[in-house]
Amino acid sequence: MRELLVIFFAGVLLNNFILSRFLGICPFIGVSKRIETAAGMGMAVIFVMAVASVITWAVQYYILVPLDLGYLQTIAFILVIAALVQLVEMVILKVSPTLYQALGIYLPLITTNCAVLGVAIINIRENYDIIQTAVNGIAGAAGFTLAIILFAGIRERLDFAPIPEALKGFPLALITAGLMSIAFLGFTGFKLAALFGL
Amino acid sequence: MIYLKAILSLAGLGAVFGIMLGLAAKKFAVESDPRIEKITGVLPGANCGGCGYPGCSGLASAIVGGSAPVDGCPVGGQAVADKIAGIMGIQAVHARERQVARVMCGGGADKASSRFAYIGIKDCRAAELVSGGPKACTFGCLGFGTCVKACPFGAIEMGSDGLPVIDEIKCTGCGKCIAACPRGIIALVPVSKRTHVLCRSHARGAEVRKVCKVGCIGCGICVKTCPNSAIVLEDNLARIIPDKCDNCGKCIEKCPTKCITMANESDSRVAVEAGVGASGRPSTRNEDSAGCCVAK
């Protein structure tokens with residue numbers, strides 16, 4: 001149990017997918033203009049990453065390893081993720097057309113969100129069991145959500161700030177993201193294992 | 001054997017996910033109003049945003065939802081409004097008169113003076129940032145063609161005098177150029193109203209005379225001349241009220257600086273063609289005013 005907590009907090013803070021591993025930057029910059037859409041994107045990514053982690057784990061250990069097809073890992077994982085994103089897209093369109101509109105192109109783009117493929121491959125590389133895999137998937141996505149919501153909050157406030165014309169929009173967004181990344185670097189010093197008494 | 005194994009396992013995975021998605025598509029099917037698709041098909045499809053909605057499909061859903069009128073598309077005009085009215089099953093309404101953009105500045109490079117030589121980015125918005133632009137008149141057209149680039153319909157070209165010329169046949173009244181112009185010189189006017197004060201300067205008469213030969217000096221002669229009292233003087237600038245103007249042209253004759261003109265479709269295109277003919281490119285004056293203007 002303690003070990004799972006360590007995996008969770010490491011995934012959210014220490015190895016934050018966006019601010020430490022620099023994966024999944026595209027939706028991070030693209031859908032972070034308003035907190036609402038950022039949160040919606042975060043929820044979609046949490047679902048996709050959690051489910052994708054578990055299914056890719058199963059695909060790895062029940063199909064690829066027994067059949068000695070390890071070299072098909074990337075393509076098989078992409079297949080899983082693409083199918084899941086399609087499913088999420090249908091569900092969101094049905095449940096919340098507004099969120100569907102707001103997410104726009106970035107929803108299907110979760111397919112190519114390298115954070116999702118990243119978490120699947122990291123799970124295998126770290127030799128996690130299925131529970132640890134699920135926790136790591138949720139943690140990675142929670143870290144993504146945390147980062148994108150914080151970022152959207154900052155960007156919403158920056159809208160009212162007097163910003164030099166040349167920095168408006170993406171330039172300032174990238175600078176902000178860089179500063180946030182430096183701030184998250186501070187978590188590296190945490191000894192999580194010791195904190196949870198391991 | 002090894003190939004077969006790889007192919008079969010991936011194909012199997014694909015089939016499983018395919019069936020799963022197929023079932024989900026049935027379960028989560030969303031019925032959309034078929035009229036939205038039909039109206040989107042009828043709309044011009046330029047996605048210019050001139051209607052105030054995000055793209056043509058945005059307007060289509062707003063029309064079906066009842067929050068936009070059937071003549072909501074300023075680009076399509078009456079023809080499109082009639083078709084949409086047909087799809088919606090309601091009586092065709094009279095669309096608003098077609099609006100076209102007009103450049104409300106007559107101070108070309110030969111008529112208005114410059115303060116300094118600007119050699120920066122050839123964009124009005126950039127030039128405007130440099131101490132208010134190179135033109136001596138702070139209200140006049142800078143002539144770097146930002147509106148030309150903004151026009152999604154190719155209706156604006158730079159004339160030979162460094163002022164943009166709007167082809168009123170191509171112009172759809174979407175308003176993109178108005179948003180792009182940093183000085184707010186372009187205005188949308190009903191196409192039948194052809195008499196315009198080609199000046200936006202609120203400066204006093206003496207100052208206007210110093211910087212431009214064809215600026216409005218706010219003398220008020222046109223206000224007295226107009227038989228329909230369609231002209232008002234506001235803050236040193238004459239303004240024609242479109243609803244009252246009947247294009248009689250009396251103000252044009254009396255205006256001492258000739259800043260009131262009658263827009264003429266054939267004129268505007270002749271000007272563009274002349275500009276092209278002179279040097280092979282329509283923007284000769286534009287380049288002059290971009291780099292070589294010497295302060296007088």
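Residues numbered from 1 in each chain as written. Chains lettered and ligands numbered in written order. Predicted model: local features only at pLDDT ≥ 70, side-chain atom pairs only at ≥ 80, totals over all residues. Heavy atoms only, no water.

A. Spatial organisation of helix α3 (residues 55–65) of chain B. Residues and elements named next belong to chain B. Counting buried positions along α3 gives 8 out of 11 residues, so the element sits mostly inside the fold. For α3, the full list of buried residues reads Gly55, Cys56, Gly58, Leu59, Ala60, Ala62, Ile63 and Val64. The inward-facing, buried residues of α3 contact α2 (34–42) and α4 (77–88). Directly beyond the C-terminal end of α3, a positive phi value near 90° is found at glycine 66. (Buried < 20%, exposed > 50% of the residue type's maximum accessible area, 1.4 Å probe, protein only. Helix = DSSP H or I, 4+ residues; strand = E, 2+ residues; numbered from the N terminus. Contact = heavy atoms within 4.5 Å.)

B. Focus on the pattern of salt bridges. As enumerated under the stated definition, the model contains 8 salt bridges over all chains in all. For Lys168(A), the salt bridge goes to Glu165(A), with nearest N and O atoms at 3.6 Å. You can call Lys168(A) partly exposed: its relative accessible area is 43%. In this structure, the salt-bridge partner of Glu234(B) is Arg239(B), at a minimum N-O distance of 3.0 Å. Residue classification places Arg239(B) among the partly exposed residues on the basis of a relative accessible area of 39%. Among the charged side chains, a network of salt bridges with common partners joins Arg102(B), Glu168(B) and Arg194(B). (Salt bridge = Lys/Arg side-chain N within 4 Å of Asp/Glu carboxyl O.)

C. View of the packing of aromatic side chains. As enumerated under the stated definition, the model contains 6 aromatic pairs over all chains in all. Seen from their ring centres, Phe28(A) and Phe151(A) are 4.3 Å apart, and the 20° between their planes marks the pair as stacked. Placement of the pair is Phe28(A) in helix α2 (residues 25–30) and Phe151(A) in helix α7 (residues 130–158), with a sequence separation of 123 residues. On the basis of an interplanar angle of 55° and a centroid distance of 5.3 Å, the ring pair of Tyr118(B) and Phe144(B) is categorised as tilted. Residue Tyr118(B) is located in the loop between β1 (99–103) and α5 (124–129), and its partner Phe144(B) is located in the loop between α5 and α6 (146–150); the two are separated by 26 residues in the primary sequence. Linked through ring pairs, Trp57(A), Tyr61(A) and Tyr62(A) together constitute an aromatic cluster. Here Arg21(A) stacks its cationic end above the ring of Phe17(A), 5.4 Å away from the centre of that ring. (Phe/Tyr/Trp six-rings, centres within 6.5 Å; stacked < 30°, edge-to-face > 60°. Lys NZ or Arg CZ within 6 Å of the ring centre and 35° of its normal.)

D. Representation of the environment of Ala147(A). Residue and element names in this part refer to chain A. As for its placement among the helices and strands, alanine 147 is situated in helix α7. By relative accessible area, alanine 147 is classed as buried at 0%. In this structure, alanine 147 is in contact with Asn16, Ile18, Leu19, Phe28 and Met180, ignoring residues within four places of it in sequence.

E. Molecular detail of the interface of chain A and chain B. With 20 residues of chain A at the interface, the matching set in chain B holds 15 residues. Together, the buried faces of chain A and chain B total about 1500 Å²; carbon and sulfur atoms form 87% of this surface. Of all residues in chain A, Leu79(A), Met90(A) and Lys94(A) give up the largest surface area on contact with chain B, accounting jointly for 30% of the area buried on that side. Counting across the interface, chain A meets chain B through 0 salt bridges. Our count for the chain A to chain B interface comes out at 1 residue pair in polar contact (both at pLDDT 80 or more). Listed by contribution, the elements that provide at least two residues to the side of chain A that touches chain B are α3 (35–64) and α4 (73–95) of chain A. If one sorts the elements of the side of chain A that touches chain B by residue count, α4(A) sits on top with 11 residues. Classifying every residue of the side of chain A that touches chain B by side-chain character gives 16 nonpolar, 1 polar and 3 charged. (Buried area = accessible area lost by both parts, 1.4 Å probe. Polar contact = N/O pair within 3.5 Å; in protein donor to acceptor, adjacent residues only side chain to side chain. Nonpolar A, V, L, I, M, F, W, Y, C, P; charged D, E, K, R; others polar.)

F. Examining the pairing of strand β7 (residues 237–240) of chain B more closely. Residue and element names in this part refer to chain B. One ladder, built from 4 bridges, connects strand β6 (residues 231–234) with β7; its direction is antiparallel. Bridge pairing in β7 links glutamate 234 to leucine 237. Connecting β6 to the antiparallel partner β7 that follows it, the hairpin turn spans 2 residues, and aspartate 235 within it adopts a positive phi of roughly 55°. (Pairing = 2+ DSSP bridges.)

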